[in-house]
Amino acid sequence: MAEQSLDALVVTALPNILYLTNFSGSSGIVVVTANRLLFITDFRYVSAMSETRGTGHECPGLELVTVESTYDLTLADLLAGMPSARIGFEAANLSVARHRWLQTALGTRTTVPELVPTEGVVERARVRKDAYELMVLREAARRLSGVASAMVADVRPGRTERDVAMAIDWRIRDAGFERSAFETIVAAGPNAALPHARPGERKLAEGDLVVLDFGGVYDSYCVDLTRTVAVGHASARAREVYGAVLKAHDLAIEAVKPGISRFQIDGAARASLAGAGMAEAFGHGTGHGLGIEVHEEPRISRRRPGVDAEGPEGPEGAVHDDLVAPGMVFTIEPGAYFPGWSGVRIEDDVLVTDTGVELLTHVTTDLLEI
Ligand code: GLY
Ligand code: MN
Ligand code: MN
């Protein structure tokens, strides 16, 4: 905020609000200044916020502001009462309509503050996890690894993808997660060629490869894991593709260390699959950050020409955020997909340490024939 000469920042993105306050409800606005953290919410949540006191989840110094009529009117009144000249807002998270309304509402006040669009202010703070977050993520990954080892028992010929997905979702809840982090993917046979297949009525059959991709939210933090298993005997082709994806997965994890760029980690997986003649089959990024959101920074992906900065240092003057640093947590999940045939994906969660990498999820990567 100081860098951008902001006197206040209005935070409307719920994951950012959760990060700043520990509030996990669905309505609220945060206003941050150099020395105040104000939280606007309505009567449904005021008592919930008060009850967090003493649970270890309280937010010291948080000033609660209760909505009287509407959120935006309360915000406008609050901002008008502050000596704020430049007020940042989250450009990615405030609709044009709301922005217009706010501008008009503030325009009628005696001192009209300037509304300044910002991007990623809180997100940049979220990308490197602190000790508390790492404790939560390690525990979440440990629990999800348990789910991954146990769910193999759910994979049986004759069961539908939907049945297996429901069984996995039950295990996720049973392992202490608040909920699944996204709609569990169980994709069998040719469906495994679709990276984001939805589980359907296909019955698992002898010879199928099955991609099982699931995640959980634990104490507000997301973890994410994929294994691909064979129903019955895996064909030579299945073994070849599995071996190539596993090699890419292992090489990408080995590449992780502080100071390497996210593009280089992606490149390690991509070059390995290209070497196996499977460049075209790997159409998505190698991974994504994990935290309050299941997909967050850093994106472990190809450099996008014209969008991402060039070179590991970035152009003169650019804020370069492409190098990974200790405390970052992300997935490594290469895959190879062949429409009409099938696909393989293997996904684990890693932490960048001071010296290298720590694997957070621990589940066998051998090709299981069930
Ligand atoms: N299925 C979501 C992911 O693995 O990123
Ligand atoms: Mn996943
Ligand atoms: Mn993932």
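Here is a short report on the structure shown in this document. Being a predicted model, the structure only gives us computed values, none of them experimental.

**Focus on the sheet that holds strand β4 (residues 62–66)**
Line of reasoning, step 1. An order of β4-β3-β2-β1-β5-β6 is seen for the 6 strands of this open sheet, with the pairing classed as mixed. At either end of the open sheet lies a strand with only one pairing partner, and these are β4 and β6 (114–118). Between one strand axis and the next, the sheet turns through 25 degrees on average, direction left out of account.
Line of reasoning, step 2. Where strand β1 (residues 8–11) and strand β2 (residues 29–33) come together, 4 bridges link them in antiparallel fashion. Bridging across to β2, A8 finds its partner in T33.
Line of reasoning, step 3. The strands that helix α1 (residues 14–21) touches are β1, β2, β3 (37–41), β4 and β5 (86–90); relative to β2, the one it contacts most, it runs at about 55 degrees.

**Quick look at unusual backbone geometry**
Line of reasoning, step 1. That bond from E297 to P298 is cis: its omega, 0 degrees, falls within 30 degrees of zero.
Line of reasoning, step 2. One non-glycine residue, N22, lies in the positive phi region at around 75 degrees.
Line of reasoning, step 3. Structurally, the position occupied by N22 is in the loop between α1 and β2.
Line of reasoning, step 4. A relative accessible area of 31% means that N22 is categorised as partly exposed.
Line of reasoning, step 5. The phi dihedral of S220 is positive, around 80 degrees, even though this residue is not glycine.
Line of reasoning, step 6. For S220, the position within the fold is in the loop between β9 (209–218) and β10 (221–230).

**Concerning the coordination of the manganese ion (ligand 2)**
Line of reasoning, step 1. For the manganese ion (ligand 2), the full set of protein donor atoms is D213 (OD), D213 (OD), D224 (OD) and E347 (OE), at a range of 2.0 to 2.8 Å.
Line of reasoning, step 2. Taken in chain order, the donor set of the manganese ion (ligand 2) reads D-x10-D-x122-E.
Line of reasoning, step 3. In this model, the manganese ion (ligand 2) sits 3.2 Å from the manganese ion (ligand 3), the two metals being bridged by D224. With D213 in strand β9 and E347 in the loop between β15 (342–345) and β16 (348–352), the pair connects residues that are 134 residues apart, well separated along the chain.
Line of reasoning, step 4. Residue classification places E347 among the buried positions, given a relative accessible area of 0%.

**Comments concerning the nonpolar core**
Line of reasoning, step 1. Counting 39 residues, the largest nonpolar core has I168, F177, V210, L212 and F214 as the members making the most contacts within it.
Line of reasoning, step 2. Mapped onto this core, the elements with two or more residues apiece are α6 (131–150), α7 (161–174), β8 (185–188), β9 and β10.
Line of reasoning, step 3. The biggest single contributor to this core is α6, with 8 residues.
Line of reasoning, step 4. In this structure, V210 is in contact with V186, A187, A188, L204, R227, T228, V229 and V231, ignoring residues within four places of it in sequence.
Line of reasoning, step 5. Grouped together as the second largest cluster of nonpolar side chains are 35 residues, I253, A255, F330 and V350 included.

**A look at the coordination of the manganese ion (ligand 3)**
Line of reasoning, step 1. Protein coordination at the manganese ion (ligand 3) comes from D224 (OD), H288 (NE2), E333 (OE) and E347 (OE), with a distance range of 2.0 to 2.1 Å.
Line of reasoning, step 2. Coordination at the manganese ion (ligand 3) is irregular, judged from the 6 donor atoms that bind it and the angles of 53 to 159 degrees they form at the metal.
Line of reasoning, step 3. Read N to C, the donor residues that coordinate the manganese ion (ligand 3) are spaced as D-x63-H-x44-E-x13-E.
Line of reasoning, step 4. Under the relative-accessibility criterion, E333 is labelled buried at 9%.

**Regarding the packing of helix α3 (residues 71–80) against helix α4 (residues 96–107)**
Line of reasoning, step 1. Remark: α3 packs on α4, axes separated minimally by 10 Å, with the N-to-C direction vectors making an angle of 45 degrees. Regarding the angle of α3 to α4, the classification is oblique. Considering the relative orientation of α3 and α4, their crossing is right-handed. Residues D72, L73, L75, A76, L79 and A80 of α3 form the contact with α4, whose own contacting residues are R98, W101, L102, A105 and L106.
Line of reasoning, step 2. For the contact of α3 with α4, the residue count by class is 9 nonpolar, no polar and 2 charged.

**Let's talk about the site of ligand 1**
Line of reasoning, step 1. Around ligand 1, the neighbouring residues are F182, I185, H196, D213, D224, H288, H295, E333 and E347.
Line of reasoning, step 2. A distance of 3.4 Å is found between a nitrogen atom of ligand 1 and a side-chain nitrogen or oxygen belonging to H196.
Line of reasoning, step 3. With respect to ligand 1, the side chain of D224 contributes an N or O atom lying 3.1 Å from an oxygen atom.
Line of reasoning, step 4. Protein chains bury 95% of the 200 Å² of accessible surface belonging to ligand 1 in isolation.

**Concerning the environment of A279**
Line of reasoning, step 1. Tracing the sequence through the fold places A279 in the loop between α9 (262–275) and β11 (287–289).
Line of reasoning, step 2. Since its relative accessible area comes to 39%, A279 is described here as partly exposed.
Line of reasoning, step 3. Excluding residues that lie within four positions of it along the chain, A279 makes contacts with L273 and A274.

Procedures and definitions
- Residues numbered from 1 in each chain as written.
- Chains lettered and ligands numbered in written order.
- Predicted model: local features only at pLDDT ≥ 70, side-chain atom pairs only at ≥ 80, totals over all residues.
- Heavy atoms only, no water.
- Pairing = 2+ DSSP bridges.
- Helix = DSSP H or I, 4+ residues; strand = E, 2+ residues; numbered from the N terminus.
- Axes fitted to C-alpha atoms, helices over the stretch in contact; angles between N-to-C directions.
- Contact = heavy atoms within 4.5 Å.
- Buried < 20%, exposed > 50% of the residue type's maximum accessible area, 1.4 Å probe, protein only.
- Donors = N, O, S within 2.8 Å, 3.2 Å for Na, K, Ca; no water.
- Core = buried A, V, L, I, M, F, W, Y, C linked by side-chain atoms within 4.5 Å.
- Tetrahedral: all angles 85-135°; square planar, octahedral: opposite > 155°, others 65-115°.
- Parallel < 35°, antiparallel > 145°, perpendicular 65-115°, else oblique.
- Left-handed = near helix turned anticlockwise from the far one by under 90°.
- Nonpolar A, V, L, I, M, F, W, Y, C, P; charged D, E, K, R; others polar.
- Near = heavy atom within 4 Å.
- Polar contact = N/O pair within 3.5 Å; in protein donor to acceptor, adjacent residues only side chain to side chain.
- Areas by Shrake-Rupley, 256 points an atom, 1.4 Å probe, with all protein chains shown as cover.

Coordinates in, geometry out; function isn't part of it.
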